[in-house]
Amino acid sequence: MKTVFVTVGTTSFDDLIVSLTSEEVVKALIHRGYTDLVLQFGRGSFIPDAHSCPGLRLEAFRFKESIAENIQSADVVISHAGAGSCLEVLGAGKPLLVVVNDKLMDNHQLELAKQLQADGHLLYCTRSTLAETLRDMDLSTLLPFQPGQPENFAQFLDKAVGFV
């Protein structure tokens, strides 16, 4: 079994959840050998049902006390570009594909995703390029993120948002 875990944190990112249950994305996941899709859809209004992803076992939930177990058991994590979600996944040493919500105003999430990709820690895309990214991605090229160094993270954030 190969599992994809998806998290949108405490936000609503229906476009991502809808995209993940689209025929094109489901086919890309199956082609890469994934068998299970676990969706944490947060405050979203789109709630996929068990038949949304033919060929994949689907589990969907709004919130949990902790998603650490889901992250640990995943072979890859797909996340919105929230700093907390990115840090939790990278700190767990899991491959991460970030989908930037291009509908947000003043999108600081894009800056964070660009910098973490430039540093080799994750891959990022938009909802419209998700299927293509899933087909073409090479997770073996990702570099580990060294957690537990707050001064490095503060410096990284300053660089990512343009303070340095």
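Note that the structure is predicted; figures quoted are calculated from it, not measured.

A. Spatial organisation of the pattern of salt bridges. Applying the stated criterion across every chain, the model contains three salt bridges. Between Asp36 and Arg57 there is a salt bridge, with its nearest N and O atoms 3.0 Å apart. Placement of the pair is Asp36 in strand S2 (residues 36-40) and Arg57 in strand S3 (residues 57-61), with a sequence separation of 21 residues.

B. Just the pairing of strand S6 (residues 123-126), in detail. Residues Leu123 and Cys125 of S6 are buried on one face, while the alternating residues Tyr124 and Thr126, pointing to the opposite face, are not. The sheet contact formed by strand S5 (residues 96-100) and S6 spans four bridges and is parallel. Paired with Val100 across the strands is Thr126, a residue of S6.

C. Molecular detail of helix H4 (residues 83-91). Every buried residue of H4 is listed here: Ser85, Cys86, Val89 and Leu90. Down the axis of H4, the smallest arc covering the buried residues is 120 degrees, so these residues share one side. Where H4 ends, the next residue or the one after it, Gly93, has phi of about 75 degrees, a positive value.

D. Looking closely at the packing of aromatic side chains. Counting across every chain of the model gives one aromatic pair. Ring centres of Phe5 and Phe61 lie 6.4 Å apart, and the angle between their planes is 15 degrees; on these two criteria the pair is classed as stacked. Of this pair, Phe5 sits in strand S1 (residues 3-7) while Phe61 sits in strand S3, and the two are 56 residues apart along the sequence. There is no split in this pair, since Phe5 and Phe61 are both buried. The residue whose ring lies beneath Lys2 is Tyr34, and the NZ or CZ to ring-centre distance is 4.5 Å. Here the guanidinium or amino end of Lys64 rests over the ring plane of Phe61, the centre of that ring lying 4.6 Å away.

E. Layout of the sheet that holds S3. Read from one edge of the open sheet, six strands run S3-S2-S1-S4-S5-S6, paired in parallel fashion. Sheet topology places S3 and S6 at the edges, where each strand pairs with a single neighbour. If you compare each strand with its neighbour and ignore which way they point, the axes differ by 20 degrees on average. The strands that H4 touches are S1, strand S4 (76-79) and S5; relative to S5, the one it contacts most, it runs at about 170 degrees.

Rules of the game
Residues numbered from 1 in each chain as written. Predicted model: local features only at pLDDT ≥ 70, side-chain atom pairs only at ≥ 80, totals over all residues. Heavy atoms only, no water. Salt bridge = Lys/Arg side-chain N within 4 Å of Asp/Glu carboxyl O. Helix = DSSP H or I, 4+ residues; strand = E, 2+ residues; numbered from the N terminus. Buried < 20%, exposed > 50% of the residue type's maximum accessible area, 1.4 Å probe, protein only. Pairing = 2+ DSSP bridges. Arc of directions from axis to C-beta. Phe/Tyr/Trp six-rings, centres within 6.5 Å; stacked < 30°, edge-to-face > 60°. Lys NZ or Arg CZ within 6 Å of the ring centre and 35° of its normal. Axes fitted to C-alpha atoms, helices over the stretch in contact; angles between N-to-C directions. Contact = heavy atoms within 4.5 Å.

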